Amino acid sequence: MDLHVIDPVRIGTERLPGGRLLGWAEWGPGNGVPVLLSPGAATSRHLGFGADVLDGFGVRLISVDRPGLGASSPLPGRTFGDFVDDVRAFAGRRGLGRPLMVGNSQGAPFALACAAAGAVRALAVVSGADEVAEPGFADALPEELRRLVDLAVADPAAAEQVFAGFNPQGMWDMVMSGSPECDLAVYQQPAFAAAYRRALDEAFAQGAAGYARDTALAMGRWGIGLSGIAVPVDLWYGEKDTGHSPDQGVRLTSRIPDAVRHLVPGVGGAVLWTHSEQVLSTLLGRVAGR
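Residues numbered from 1 in each chain as written. Predicted model: local features only at pLDDT ≥ 70, side-chain atom pairs only at ≥ 80, totals over all residues. Heavy atoms only, no water.

Draft legend 1. Broad picture of the overall build of the protein. The helix and strand tally for the protein stands at twelve helices and eight strands. Over its C-alpha trace the protein gives a radius of gyration of 17 Å, about what one expects of a compact globule, namely 19 Å for 290 residues. In terms of its C-alpha atoms, the protein occupies a principal-axis envelope of roughly 45 × 45 × 40 Å. With 290 residues in all, the protein has 58% of them scored as buried. Entry remark: accessible area of the protein is about 11300 Å², with carbon and sulfur atoms responsible for 52%. (Helix = DSSP H or I, 4+ residues; strand = E, 2+ residues; numbered from the N terminus. Rg over C-alpha atoms; globule rule 2.2 N^0.38 Å. Buried < 20%, exposed > 50% of the residue type's maximum accessible area, 1.4 Å probe, protein only. Areas by Shrake-Rupley, 256 points an atom, 1.4 Å probe, with all protein chains shown as cover.)

Draft legend 2. Region of interest: the side chain of Ser276. Tracing the backbone shows Ser276 in helix α12 (residues 276–287). Those residues in contact with Ser276 that sit more than four places away from it in its chain are Phe49, Gly50 and Val271. (Contact = heavy atoms within 4.5 Å.)

Draft legend 3. Region of the structure containing the side chain of Asp130. Mapped onto the elements of the fold, Asp130 is located in the loop between β6 (123–126) and α4 (143–154). Comment: no salt bridge for buried Asp130; closest opposite-charge side chain is Arg255, at 5.0 Å. The residues touching Asp130, leaving out its near neighbours within four places in the chain, are Phe137, Ala218, Trp222, His244, Ser245, Pro246, Asp247, Gly249 and Leu252. (Lys, Arg positive; Asp, Glu negative; His and termini not counted. Salt bridge = Lys/Arg side-chain N within 4 Å of Asp/Glu carboxyl O.)

Draft legend 4. A look at the pattern of salt bridges. Per the stated rule, a full pass over the model turns up 16 salt bridges. A salt bridge links Glu26 to Arg60; the shortest N-O distance between them is 3.0 Å. Highlighted residues: Glu26 in strand β2 (residues 21–27) and Arg60 in strand β4 (residues 59–64), separated in sequence by 34 residues. This pair shows no difference in class: Glu26 is buried, exactly as Arg60 is. In this structure, the salt-bridge partner of Arg78 is Asp214, at a minimum N-O distance of 2.7 Å. A residue pair is termed long-range when its members are at least 10 positions apart, and Arg78 in the loop between β4 and α2 (80–93) and Asp214 in helix α9 (residues 209–219) qualify at 136 residues. Residue Asp214 is classed as buried on the basis of its relative accessible area, which comes to 0%. Salt bridges sharing partners connect three or more residues here, namely Arg10, Glu14, Glu26, Arg60 and Arg94.

Draft legend 5. Representation of the packing of aromatic side chains within the structure. Taken as a whole and judged by the stated rule, the model has nine aromatic pairs. With a centroid separation of 5.8 Å and 50 degrees between ring planes, the pair formed by Phe204 and Tyr211 is classed as tilted. For the pair Phe204 and Tyr211, a shared accessibility class is recorded, and that class is buried. Linked through ring pairs, Trp172, Tyr187, Phe192, Tyr196 and Trp273 together constitute an aromatic cluster. (Phe/Tyr/Trp six-rings, centres within 6.5 Å; stacked < 30°, edge-to-face > 60°.)

Draft legend 6. Geometry of the pairing of strand β5 (residues 100–104). Counting buried positions over the five residues of β5 gives five, a clear majority of the element. Neither face of β5 is exposed, since Leu100, Val102 and Asn104 on one face and Met101 and Gly103 on the opposite face are all buried. Two elements, strand β3 (residues 33–38) and β5, share four bridges in a ladder whose sense is parallel. By the bridge assignment for β5, Leu36 is matched with Met101. (Pairing = 2+ DSSP bridges.)

Draft legend 7. Examining the sheet that holds strand β7 (residues 233–238) more closely. Judged by pairing direction, the sheet is mixed, and its eight strands sit side by side in the order β1-β2-β4-β3-β5-β6-β7-β8 without closing on themselves. Edge strands, defined here as strands with exactly one partner in the open sheet, are β1 (10–15) and β8 (260–264). On average, each strand axis in the sheet is inclined to that of its neighbour by 25 degrees, with strand direction left out of account. Sheet topology places β3 next to β4; five bridges connect them, and they run parallel. Bridging from a neighbouring strand, Leu36 pairs with Ile62 of β4. (Axes fitted to C-alpha atoms, helices over the stretch in contact; angles between N-to-C directions.)

Draft legend 8. How the structure looks around the pairing of β7. Most of β7 sits out of view: six of its six residues are buried. The alternating pattern of β7 places Val233, Leu235 and Tyr237 on one face and Asp234, Trp236 and Gly238 on the opposite face, and all of these are buried. In terms of strand pairing, β6 meets β7 through four bridges, oriented parallel. When the sheet's bridge partners are listed, Val125 is paired in β7 with Leu235. Of the strand pairs in this sheet, β7 and β8 are connected by five bridges, and their pairing is parallel. Along β8, the bridge assignment pairs Asp234 with Val260.

Draft legend 9. Layout of α4. For α4, with twelve residues, the first-to-last C-alpha span of 16 Å sits near the 16 Å given by 1.5 Å per residue. Those residues of α4 that are buried lie in contact with α5 (156–163) and α9. (Expected span 1.5 Å × (residues − 1).)

Draft legend 10. Looking closely at unusual backbone geometry. The phi torsion at Ala42 lies on the positive side, around 60 degrees, for a residue other than glycine. Here Ala42 lies in the loop between β3 and α1 (54–57). A positive phi angle is found at Ser127, which is not glycine, with a value near 50 degrees. Mapped onto the fold, Ser127 is located in the loop between β6 and α4.

Structure (C-alpha coordinates):
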(Lines give C-alpha, C1' and ligand atoms only; values in the text may rest on other atoms or scores of the structure.)
Protein backbone atom coordinates (compact mmCIF):
# COMPACT_ATOMS: atom_id res chain seq x y z
CA MET A 1 0.00 0.00 0.00
CA ASP A 2 1.46 3.38 -1.06
CA LEU A 3 0.36 5.94 1.51
CA HIS A 4 1.75 8.97 -0.33
CA VAL A 5 3.29 10.48 2.81
CA ILE A 6 5.25 13.49 1.63
CA ASP A 7 6.91 16.53 3.16
CA PRO A 8 4.76 19.65 3.49
CA VAL A 9 4.36 21.75 0.37
CA ARG A 10 4.30 24.99 2.38
CA ILE A 11 5.42 25.51 5.98
CA GLY A 12 5.63 28.43 8.37
CA THR A 13 4.41 30.17 11.50
CA GLU A 14 1.65 32.67 12.17
CA ARG A 15 1.85 35.27 14.93
CA LEU A 16 -1.26 35.19 17.11
CA PRO A 17 -2.75 38.04 19.15
CA GLY A 18 -0.50 38.46 22.18
CA GLY A 19 2.60 37.53 20.22
CA ARG A 20 2.69 33.74 20.40
CA LEU A 21 3.62 31.80 17.25
CA LEU A 22 1.51 28.98 15.82
CA GLY A 23 3.35 26.53 13.57
CA TRP A 24 1.61 25.25 10.46
CA ALA A 25 2.23 23.11 7.39
CA GLU A 26 0.19 22.71 4.23
CA TRP A 27 -0.40 20.23 1.44
CA GLY A 28 -2.60 20.51 -1.65
CA PRO A 29 -3.57 23.57 -3.70
CA GLY A 30 -3.07 26.90 -1.98
CA ASN A 31 -6.53 28.04 -3.07
CA GLY A 32 -8.28 24.82 -2.07
CA VAL A 33 -11.00 24.22 0.51
CA PRO A 34 -9.29 24.70 3.88
CA VAL A 35 -9.22 21.58 6.08
CA LEU A 36 -7.39 21.99 9.39
CA LEU A 37 -5.69 18.96 10.95
CA SER A 38 -5.43 18.63 14.71
CA PRO A 39 -2.70 15.97 14.79
CA GLY A 40 -2.26 13.04 17.14
CA ALA A 41 -0.32 12.70 20.37
CA ALA A 42 3.22 14.01 20.40
CA THR A 43 3.34 14.71 16.68
CA SER A 44 3.87 17.95 14.82
CA ARG A 45 2.69 19.73 11.70
CA HIS A 46 5.11 17.62 9.65
CA LEU A 47 2.95 14.47 9.34
CA GLY A 48 0.05 14.94 6.91
CA PHE A 49 -2.21 12.51 5.10
CA GLY A 50 -3.93 11.95 1.79
CA ALA A 51 -1.36 13.74 -0.35
CA ASP A 52 -2.42 11.72 -3.40
CA VAL A 53 -6.06 12.87 -3.26
CA LEU A 54 -5.83 16.49 -2.10
CA ASP A 55 -5.47 17.97 -5.57
CA GLY A 56 -8.37 15.91 -6.92
CA PHE A 57 -10.62 17.02 -4.06
CA GLY A 58 -9.38 20.60 -4.20
CA VAL A 59 -8.41 20.44 -0.53
CA ARG A 60 -5.83 22.64 1.17
CA LEU A 61 -4.80 20.55 4.18
CA ILE A 62 -3.33 22.64 7.01
CA SER A 63 -1.81 20.94 10.04
CA VAL A 64 -1.26 23.09 13.13
CA ASP A 65 1.06 22.57 16.09
CA ARG A 66 -0.63 22.93 19.46
CA PRO A 67 1.10 25.26 21.95
CA GLY A 68 4.44 23.98 23.15
CA LEU A 69 4.74 21.40 20.37
CA GLY A 70 6.75 21.80 17.18
CA ALA A 71 7.03 25.44 16.17
CA SER A 72 4.16 26.76 18.35
CA SER A 73 4.96 28.90 21.37
CA PRO A 74 4.15 27.38 24.76
CA LEU A 75 1.09 28.39 26.74
CA PRO A 76 1.33 26.92 30.25
CA GLY A 77 -1.98 25.96 31.81
CA ARG A 78 -3.80 26.17 28.48
CA THR A 79 -7.30 24.78 28.00
CA PHE A 80 -9.37 23.41 25.15
CA GLY A 81 -10.93 26.87 24.92
CA ASP A 82 -7.51 28.40 24.34
CA PHE A 83 -7.05 26.10 21.35
CA VAL A 84 -10.41 27.23 19.96
CA ASP A 85 -9.27 30.84 20.30
CA ASP A 86 -6.02 30.01 18.50
CA VAL A 87 -7.88 28.32 15.65
CA ARG A 88 -10.22 31.27 15.24
CA ALA A 89 -7.33 33.73 15.24
CA PHE A 90 -5.30 31.60 12.83
CA ALA A 91 -8.24 31.19 10.45
CA GLY A 92 -8.94 34.90 10.54
CA ARG A 93 -5.37 35.93 9.86
CA ARG A 94 -4.97 33.48 6.99
CA GLY A 95 -8.38 34.15 5.44
CA LEU A 96 -9.73 30.62 5.94
CA GLY A 97 -13.24 31.56 7.04
CA ARG A 98 -14.78 28.71 9.04
CA PRO A 99 -12.66 25.79 7.85
CA LEU A 100 -13.40 22.10 7.96
CA MET A 101 -11.43 20.06 10.47
CA VAL A 102 -9.97 16.60 11.07
CA GLY A 103 -9.00 15.54 14.59
CA ASN A 104 -6.75 12.48 14.86
CA SER A 105 -6.03 10.45 18.00
CA GLN A 106 -5.23 12.82 20.89
CA GLY A 107 -6.02 15.75 18.63
CA ALA A 108 -9.69 14.71 18.69
CA PRO A 109 -10.87 16.50 21.86
CA PHE A 110 -9.21 19.72 20.71
CA ALA A 111 -11.07 19.41 17.40
CA LEU A 112 -14.32 18.58 19.20
CA ALA A 113 -13.90 21.76 21.24
CA CYS A 114 -13.68 23.70 17.97
CA ALA A 115 -16.86 22.01 16.72
CA ALA A 116 -18.69 22.74 19.98
CA ALA A 117 -17.71 26.41 19.71
CA GLY A 118 -18.83 26.60 16.07
CA ALA A 119 -15.32 27.52 14.96
CA VAL A 120 -15.41 24.92 12.16
CA ARG A 121 -18.09 23.96 9.63
CA ALA A 122 -17.77 20.17 9.91
CA LEU A 123 -15.51 17.69 11.65
CA ALA A 124 -14.05 14.25 11.05
CA VAL A 125 -12.78 12.53 14.21
CA VAL A 126 -10.40 9.78 13.08
CA SER A 127 -9.21 7.17 15.59
CA GLY A 128 -10.14 9.75 18.18
CA ALA A 129 -9.04 9.62 21.80
CA ASP A 130 -12.23 9.18 23.84
CA GLU A 131 -13.11 10.87 27.13
CA VAL A 132 -11.77 7.98 29.16
CA ALA A 133 -12.45 9.87 32.41
CA GLU A 134 -16.17 9.61 31.65
CA PRO A 135 -17.60 7.54 34.56
CA GLY A 136 -19.21 5.01 32.24
CA PHE A 137 -15.74 3.77 31.28
CA ALA A 138 -14.52 3.24 34.85
CA ASP A 139 -14.64 -0.56 34.63
CA ALA A 140 -13.46 -0.79 31.03
CA LEU A 141 -9.95 0.60 31.43
CA PRO A 142 -6.77 -1.37 32.16
CA GLU A 143 -5.52 -0.79 35.69
CA GLU A 144 -2.51 1.36 34.72
CA LEU A 145 -4.59 3.58 32.46
CA ARG A 146 -7.28 3.89 35.14
CA ARG A 147 -4.62 5.08 37.58
CA LEU A 148 -3.39 7.76 35.16
CA VAL A 149 -6.93 8.89 34.38
CA ASP A 150 -7.74 9.20 38.07
CA LEU A 151 -4.59 11.26 38.56
CA ALA A 152 -5.44 13.52 35.61
CA VAL A 153 -8.87 14.18 37.11
CA ALA A 154 -7.74 14.67 40.71
CA ASP A 155 -4.40 16.44 40.18
CA PRO A 156 -3.73 17.57 36.60
CA ALA A 157 -0.43 19.19 37.54
CA ALA A 158 0.87 15.92 38.97
CA ALA A 159 -0.32 14.09 35.86
CA GLU A 160 1.58 16.55 33.68
CA GLN A 161 4.74 15.76 35.64
CA VAL A 162 4.27 12.06 34.88
CA PHE A 163 3.64 12.65 31.18
CA ALA A 164 6.64 15.00 30.97
CA GLY A 165 8.84 11.92 31.28
CA PHE A 166 8.06 10.87 27.71
CA ASN A 167 10.34 11.46 24.72
CA PRO A 168 10.24 10.73 20.97
CA GLN A 169 11.73 7.25 21.25
CA GLY A 170 9.39 6.34 24.09
CA MET A 171 6.38 7.40 22.05
CA TRP A 172 7.59 5.44 19.03
CA ASP A 173 8.15 2.34 21.14
CA MET A 174 4.73 2.66 22.78
CA VAL A 175 2.93 2.91 19.45
CA MET A 176 4.88 0.09 17.85
CA SER A 177 4.39 -2.26 20.80
CA GLY A 178 0.67 -1.49 21.11
CA SER A 179 -0.38 -1.68 17.45
CA PRO A 180 -1.79 -4.67 15.57
CA GLU A 181 0.10 -6.11 12.62
CA CYS A 182 -2.19 -4.39 10.12
CA ASP A 183 -1.14 -1.00 11.52
CA LEU A 184 2.54 -1.91 11.77
CA ALA A 185 2.43 -2.60 8.03
CA VAL A 186 1.60 1.10 7.70
CA TYR A 187 3.80 2.62 10.38
CA GLN A 188 6.93 0.70 9.42
CA GLN A 189 6.89 1.65 5.74
CA PRO A 190 10.13 3.60 5.27
CA ALA A 191 8.52 6.85 4.06
CA PHE A 192 5.88 6.81 6.78
CA ALA A 193 8.33 5.85 9.53
CA ALA A 194 10.67 8.68 8.52
CA ALA A 195 7.86 11.25 8.50
CA TYR A 196 6.44 9.96 11.78
CA ARG A 197 9.82 10.01 13.53
CA ARG A 198 10.49 13.52 12.28
CA ALA A 199 7.08 14.63 13.56
CA LEU A 200 7.87 13.12 16.97
CA ASP A 201 11.27 14.80 17.10
CA GLU A 202 9.74 18.15 16.14
CA ALA A 203 6.94 17.80 18.69
CA PHE A 204 9.47 17.41 21.51
CA ALA A 205 11.86 20.08 20.21
CA GLN A 206 10.89 22.40 23.09
CA GLY A 207 10.80 19.59 25.63
CA ALA A 208 7.89 17.46 26.80
CA ALA A 209 5.72 20.14 28.42
CA GLY A 210 3.45 20.60 25.40
CA TYR A 211 2.76 16.89 25.10
CA ALA A 212 2.28 16.61 28.86
CA ARG A 213 -0.35 19.36 28.89
CA ASP A 214 -2.13 17.81 25.89
CA THR A 215 -2.28 14.44 27.62
CA ALA A 216 -3.45 15.78 30.97
CA LEU A 217 -6.29 17.59 29.20
CA ALA A 218 -7.23 14.58 27.06
CA MET A 219 -7.21 12.13 29.99
CA GLY A 220 -9.13 14.40 32.36
CA ARG A 221 -12.75 15.49 32.22
CA TRP A 222 -13.11 17.47 29.03
CA GLY A 223 -15.83 19.92 29.91
CA ILE A 224 -16.68 20.22 26.21
CA GLY A 225 -20.34 20.79 25.35
CA LEU A 226 -20.67 17.77 23.06
CA SER A 227 -24.47 17.78 23.26
CA GLY A 228 -24.54 21.30 21.86
CA ILE A 229 -22.49 20.59 18.73
CA ALA A 230 -24.47 21.88 15.76
CA VAL A 231 -22.09 21.04 12.89
CA PRO A 232 -21.80 17.67 11.12
CA VAL A 233 -19.47 15.21 12.84
CA ASP A 234 -18.26 11.83 11.53
CA LEU A 235 -16.28 9.48 13.76
CA TRP A 236 -14.00 6.87 12.20
CA TYR A 237 -12.58 3.87 14.06
CA GLY A 238 -10.77 0.77 12.87
CA GLU A 239 -12.33 -2.49 13.98
CA LYS A 240 -8.96 -3.60 15.41
CA ASP A 241 -8.40 -0.36 17.32
CA THR A 242 -8.48 -1.13 21.04
CA GLY A 243 -6.44 1.84 22.22
CA HIS A 244 -8.28 5.06 21.39
CA SER A 245 -11.75 4.33 22.71
CA PRO A 246 -12.92 1.52 25.01
CA ASP A 247 -16.01 0.98 22.82
CA GLN A 248 -14.63 2.25 19.50
CA GLY A 249 -16.59 5.47 19.69
CA VAL A 250 -20.09 4.12 20.39
CA ARG A 251 -20.68 6.24 23.51
CA LEU A 252 -18.87 9.27 22.11
CA THR A 253 -20.99 9.20 18.96
CA SER A 254 -24.17 9.01 21.04
CA ARG A 255 -23.18 12.18 22.90
CA ILE A 256 -22.98 14.29 19.72
CA PRO A 257 -26.24 15.22 17.95
CA ASP A 258 -26.63 13.51 14.56
CA ALA A 259 -23.03 12.25 14.59
CA VAL A 260 -22.25 9.30 12.32
CA ARG A 261 -19.87 6.49 13.34
CA HIS A 262 -17.92 4.50 10.75
CA LEU A 263 -16.27 1.21 11.79
CA VAL A 264 -13.57 0.33 9.26
CA PRO A 265 -12.69 -3.36 8.79
CA GLY A 266 -9.16 -4.71 8.65
CA VAL A 267 -7.39 -1.77 10.32
CA GLY A 268 -6.64 -0.46 13.79
CA GLY A 269 -5.58 3.09 14.58
CA ALA A 270 -4.09 3.84 11.14
CA VAL A 271 -7.41 4.81 9.52
CA LEU A 272 -6.31 8.36 8.75
CA TRP A 273 -3.69 7.04 6.33
CA THR A 274 -5.36 3.90 5.01
CA HIS A 275 -8.73 5.57 4.34
CA SER A 276 -7.79 9.18 3.61
CA GLU A 277 -9.96 9.37 0.52
CA GLN A 278 -13.11 8.15 2.30
CA VAL A 279 -12.55 10.48 5.26
CA LEU A 280 -12.08 13.55 3.07
CA SER A 281 -14.87 12.66 0.65
CA THR A 282 -17.34 12.26 3.50
CA LEU A 283 -16.20 15.46 5.19
CA LEU A 284 -16.55 17.49 2.01
CA GLY A 285 -19.96 15.94 1.38
CA ARG A 286 -21.24 17.24 4.71
CA VAL A 287 -20.93 20.83 3.55
CA ALA A 288 -21.67 20.44 -0.16
CA GLY A 289 -24.26 22.99 -1.14
CA ARG A 290 -24.29 24.61 2.29
